[in-house]
Amino acid sequence: MTDVLSRYQSGKLWDFHGGIHPPEMKSQSNSTPISTAPLTEKFYVPVKQHSGTAGSLLVKVGDTVLKGQPLTQGDGLRCLPVHAPTSGIVTDIAPYIAAHPSGLSELAVHIQADGKDQWREQRPIDDFLTQPPEQLIQKIYQAGVAGLGGAVFPTAAKVSSARSIPNSAVKLLIINGAECEPYITCDDRLMRDYADEMIEGVRILRYILRPEKVVIAVEDNKPEAISALKFALHGANDIDLRVVPTKYPSGDSNTLVKILTGIEVPSGKRSSSIGVYMQNVGTAFAIKRAIIDDEPLIERVVTLTGDKIPNKGNQWVRFGTPISFVLAQAGYQADERLPVYLGGPMMGLALPDLNAPVTKLANCLLAPDHFEYTPPPAEQSCIRCSSCSDVCPYYLMPQQLYWFARSEDHEKSLQYQLMDCIECGLCAYVCPSHIPLIQYFRQEKAAIWEMEEKAQKAEEAKIRFEARQARLEKEEQARKERAQKAAENRRQEVANSKGVDPVAAALERLKAKKAENTTTTEVKTIVDEKRGEVLPDNTDIMALRKARKAQRLARQQEQSELKQTESAVENIQNSSENTAVNNDKKAAVAAALARAKAKKTAQQHSTVEPVTEKTVSMENLETDPKKAAVAAAIARAKAKKAAQQHSTVEPVTEKTVSMENSETDPKKAAVAAAIARAKAKKAAQQHPTVEPVTEKTVSMENSETDPKKAAVAAAIARAKAKKAAQQHSTVEPVTEKIVNTENSETDPKKAAVATAIARAKAKKVAQIQLKAENKE
């Protein structure tokens with residue numbers, strides 16, 4: 001590092017390898033002072049305008065913002081914030097076309113200007129020397145200052161990195177004012193028009209970095225700028241002014257170090273590795289504005305040049321202003337046949353869409369006409385003339401790199417130092433075969449960066465995996481240690497218990513318990529060998545519990561069905577008390593009442609024991625809910641009969657019977673069948689020739705309450721009634737045909753009709769009997 005200062009202080013200027021002298025074309029735009037571009041109504045501010053990552057948004061749609069207000073918040077010195085270029089309202093946050101040859105979009109904050117251009121609250125500093133360097137670096141970061149020479153690297157990160165170099169010392173601070181590329185004059189005019197402020201920014205950098213020497217390097221084709229700087233320095237000896245020869249690309253940082261010191265920066269390293277720190281004159285001016293005036297970086301000087309632009313010159317343009325608006329204000333007439341370049345003719349990029357916004361990278365807008373631009377000729381085969389190698393300032397071999405790039409041989413490309421290429425465009429400029437070498441190199445660099453990014457992610461994943469494995473092994477080792485410790489504790493416990501192993505003792509107790517229970521109930525046990533516990537097998541107990549639960553559920557269901565049956569019978573009784581002539585159900589109830597009255601009259605002259613409630617209950621000793629309901633219905637019918645002993649019997653015709661049975665609910669049919677069987681039994685008891693209806697018969701008849709079985713029981717009752725009727729010639733016989741007809745269908749409704757007819761006939765028999773006895 002000491003050699004760097006000694007070589008610089010010698011005053012000698014060194015030449016570099018290669019380089020050319022293209023037409024400068026700077027006089028088109030450097031003849032007038034810097035002006036201010038008018039404000040557009042709509043700004044599109046990209047959230048990422050620097051080399052690094054984008055910050056997180058601080059605003060949302062509908063927010064009102066002021067000029068200089070942060071729109072994003074960075075995370076670390078390499079993630080710069082961006083600021084509102086003017087006051088207005090955030091109308092959208094969405095992708096917008098980027099100033100890039102790919103034509104892709106990037107996230108941007110859309111701001112509708114309110115025309116007031118109102119600043120946020122500012123806190124300027126009169127004397128930066130009263131502030132500590134760390135605080136000044138933080139202000140530079142908060143202002144979003146990035147390198148305006150073309151790399152747009154975050155300035156705060158670069159300054160902080162230079163301060164952290166081992167053995168401190170930045171020996172030489174170089175302020176780059178060479179501006180070597182043709183057509184571009186933004187730095188030239190900045191040094192002419194704002195020399196004092198630019199030098200103030202240089203002194204701020206000098207205060208932060210504390211270099212031993214500071215120099216401003218300017219090409220000799222800028223005499224006005226050199227004069228302005230000398231005047232602004234006023235003979236001060238803290239900053240040197242060094243004029244260098246005009247040669248492209250002398251403005252490259254490593255090339256300028258070689259010119260001033262004769263030392264080449266090692267491959268793959270930065271100039272800070274040899275004690276040299278470099279910043280652009282535009283960056284120095286932005287630092288002054290950020291520290292002294294508390295103004296973030298929201299605008300920059302942009303060169304408007306090319307024969308297609310009538311009003312050439314340099315303008316202060318706010319970031320986010322559409323390029324088409326800037327060109328239109330300068331008198332540009334769009335022509336699809338001619339491109340517009342962002343940057344100079346050597347390193348610039350052709351814009352696919354002029355609606356892209358101005359960013360921190362935009363130092364020049366070049367719009368050539370037919371005399372300045374010709375379409376690129378067709379690419380031809382390389383003739384290996386070595387012209388590209390002769391002009392390369394970094395001693396590279398572009399023709400070899402071209403073959404490696406085309407074959408995607410990334411290892412060879414790295415071996416031949418492709419990453420040292422500064423993309424100055426000299427190789428493509430001198431190529432007689434018109435090969436766009438820079439395009440191939442950019443594509444190869446992008447592929448290598450992607451490959452390195454994947455490798456880095458894979459390495460990070462490997463590190464995470466290894467860390468996880470180490471953690472798992474550590475946990476496993478801890479578990480083993482705990483198990484060993486537990487085993488030692490058990491051994492100690494055995495030793496303390498005079499050699500009795502607790503596990504063996506537990507097993508012995510288990511065996512003894514099994515032996516005791518072999519004569520009674522066998523108890524199954526499970527021995528946990530790991531813990532030494534004896535656990536009972538409760539399978540049988542659980543099965544017994546399930547059986548009890550099933551029985552309990554069955555009983556509950558039976559009780560529920562009983563309640564439903566009782567409710568149905570009560571409904572029938574209630575409906576019978578409210579008899580209506582035109583209601584079929586009420587007619588059925590009336591018929592039942594008539595049958596009960598007939599039975600009462602027959603019983604007045606009979607010595608046969610009546611079918612009492614007790615008899616019915618005896619017949620229904622079964623606890624079936626449906627049978628209990630039948631018995632209850634019979635009991636209620638007999639009670640009603642006793643109350644109606646002195647009333648006239650209402651005749652029950654066959655028509656009435658058919659009306660009674662218009663509704664044939666199976667439960668009602670069962671009730672009617674039970675009453676019919678009781679009457680048949682009474683009639684049979686009056687004559688010894690009639691087979692008595694015994695308790696056994698009744699119980700058999702009532703054993704099942706299924707509708708089909710009820711129909712069968714009704715048929716039996718009808719047959720017995722027929723026998724009783726046949727003993728008197730005046731009674732209409734119940735023929736076999738009728739019985740067969742009645743039994744031809746087992747439908748519950750038909751069974752109920754047949755039952756009603758049988759009851760009517762039984763009633764007639766009783767009436768005939770009564771008349772005969774009266775005559776006698």
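Look up a bit, the structure's there.
What counts, and where the lines are drawn
- Residue indices follow the written sequence of each chain, beginning from 1 at its first position.
- In keeping with the predicted nature of the model, local features appear solely for residues at pLDDT of at least 70, side-chain atom pairs appear and are counted solely at 80 or more, and the whole-chain, interface and lining totals rest on all residues.
- As a rule here, side-chain values come from all non-hydrogen atoms in the structure, and water together with hydrogens is ignored.
- Under the scheme used here, helices are H or I runs from DSSP no shorter than 4 residues and strands are E runs no shorter than 2 residues, and both carry numbers assigned from the N terminus.
- The rule is simple: take the accessible area with a 1.4 Å probe, protein chains only, and divide by the maximum for that residue type; under 20% is buried, over 50% is exposed, in between is partly exposed.
- Only heavy atoms matter for contacts: two residues are in contact if any of them lie within 4.5 Å across the pair.
- Accessibility throughout is a Shrake-Rupley quantity obtained with a 1.4 Å probe, and a residue counts as covered only by protein chains that appear here.
- Strands were regarded as paired on the criterion that DSSP finds at least two bridges between them.
- As a rule, the C-alpha atoms of each element are fitted with a line to give its axis, helices using only the stretch in contact, and angles between N-to-C directions run from 0 to 180 degrees.
- Each nonpolar core is a collection of buried residues, namely Ala, Val, Leu, Ile, Met, Phe, Trp, Tyr and Cys, held together in the definition by side-chain atoms within 4.5 Å.
- None of His or the chain ends enter the tally, which takes Lys and Arg as positive and Asp and Glu as negative.
- For this analysis, a salt bridge means a side-chain nitrogen from Lys or Arg found within 4 Å of a carboxyl oxygen belonging to Asp or Glu.
- Take the far helix as the reference: if the near one is turned anticlockwise from it by less than a right angle, the crossing is left-handed, and if turned clockwise, right-handed.
- Under the convention adopted here, Pro, Cys and the residues Ala, Val, Leu, Ile, Met, Phe, Trp and Tyr are nonpolar, Asp, Glu, Lys and Arg are charged, and Gly plus all remaining residues are polar.
- This arc corresponds to the set of directions leading from the helix axis out to the C-beta atoms.
- Classification of ring pairs rests on two measures: the distance between centres of Phe, Tyr or Trp rings, Trp counted by its six-membered ring, which must be within 6.5 Å, and the angle between planes, read as stacked under 30 degrees, edge-to-face over 60 and tilted in between.
- Our definition puts a charge over a ring when NZ of Lys or CZ of Arg is within 6 Å of the ring centre and also within 35 degrees of the ring normal.

> Quick one: what's the story with the overall build of the protein, residue by residue and with numbers?
What the protein contains, in helices and strands, is 25 helices and 18 strands. Counting over 776 residues, the protein shows a buried share of 45%. When contacts within the protein are restricted to residue pairs at least 6 apart in sequence, long-range pairs at least 24 apart make up 74% of them. Accessible surface, the protein as shown: approximately 41,300 Å² in total, 51% of it carbon and sulfur.

> Could you give me a rundown of the sheet that holds strand β11 (residues 276–280), with the residues and numbers involved?
Overall, parallel pairing links the 4 strands, which are arranged β10-β9-β8-β11 in an open sheet. If you trace the sheet from one side to the other, it starts and ends with β10 (240–244) and β11, each paired once. Between one strand axis and the next, the sheet turns through 25° on average, direction left out of account.

> I'd like to hear about the nonpolar core, residue by residue, with values.
If you look at the biggest cluster of nonpolar residues, it comprises 70 residues, and the most contacted ones within it are M198 and L365. Broken down by element, the residue count for this core peaks at 9 residues, all from helix α5 (residues 195–209). Other than its neighbours up to four places away in sequence, M198 contacts I175, M191, I216, L229, V281, A284 and F285.

> Provide a residue-level description of the side chain of D252, including the pertinent values.
In this fold, D252 is placed in the loop between β10 and α7 (253–261). R270 is the oppositely charged side chain nearest to the buried, salt-bridge-free D252, at an N-O distance of 9.9 Å. Residue contacts for D252: discarding those within four places in its chain leaves Y394 and I422.

> How would you explain the environment of V65 if you had to name every residue and give the values?
In this fold, V65 is placed in strand β4 (residues 64–65). Measuring from C-alpha to C-alpha, the distance between V65 and I89 comes to 6.0 Å, with 24 residues separating the pair along the chain. Setting aside chain neighbours within four positions, we find V65 in contact with V59, L71, A84, T86, S87, G88, V90 and I111.

> Any details on the packing of helix α4 (residues 186–193) against helix α6 (residues 223–233)? Residues and values, ideally.
Contact pair α4 / α6: the axes reach a minimum separation of 8 Å and the direction vectors enclose 35°. The hand of the α4/α6 crossing is left-handed. Each of D188, M191 and R192 in α4 lies in contact with α6, whose residues at this interface are E224, A225, A228 and L229. Taken together, the residues of the contact of α4 with α6 break down into 4 nonpolar, no polar and 3 charged.

> Before we move on, can you summarise the sheet that holds strand β2 (residues 42–46) with the specific residues and values?
The antiparallel open sheet is built from 4 strands, whose spatial order is β2-β7-β6-β4. Looking at strand neighbours, the two that pair on one side only are β2 and β4, the edges of this open sheet. Inspection of the sheet shows strand β6 (residues 88–97) paired to strand β7 (residues 105–113) by 9 bridges, in the antiparallel sense. Across the sheet, I89 pairs through a bridge with Q112, a residue of β7.

> Describe the pairing of strand β12 (residues 299–305), and please don't skip the residues or the numbers.
Within β12, 7 of the 7 residues are buried, which leaves it mostly tucked inside the rest of the structure. A two-sided burial pattern is seen for β12, the buried positions comprising E299, V301, T303 and T305 on one face and R300, V302 and L304 on the other. Direction of pairing for β12 relative to strand β13 (residues 313–318): antiparallel, over a ladder of 6 bridges. The partner of L304 across the bridge, within β13, is G313.

> With reference to specific residues and values, describe α6.
Taken together, the buried positions of α6 are occupied by A225, I226, A228, L229, A232 and L233. Projected onto a plane normal to the axis of α6, the buried residues spread over an arc of 165° and lie on a single side. Turned more than 90 degrees away from the buried face of α6 sit K230 and F231, all of them exposed. Count one or two residues on from α6 and you reach H234, which has phi positive near 55°.

> Let's hear about the packing of aromatic side chains: which residues, and what values?
In this description, an aromatic ring pair is defined by two values, namely the gap between the centres and the angle between the planes. Evaluated as defined, the whole model comprises 8 aromatic pairs. Taking the centre distance of 5.8 Å and the plane angle of 65° together, the rings of F128 and Y207 count as edge-to-face. With F128 in the loop between β7 and α2 (133–142) and Y207 in helix α5, this pair connects stretches of sequence that are 79 residues apart. Y207 shares its class with F128; the two are buried. What links up through ring pairs into an aromatic cluster is the set Y194, F285 and W316. Geometry around Y277 places K158 over its ring, the cationic atom sitting 5.4 Å from the centre.

Nothing here speaks to function; it is all geometry.
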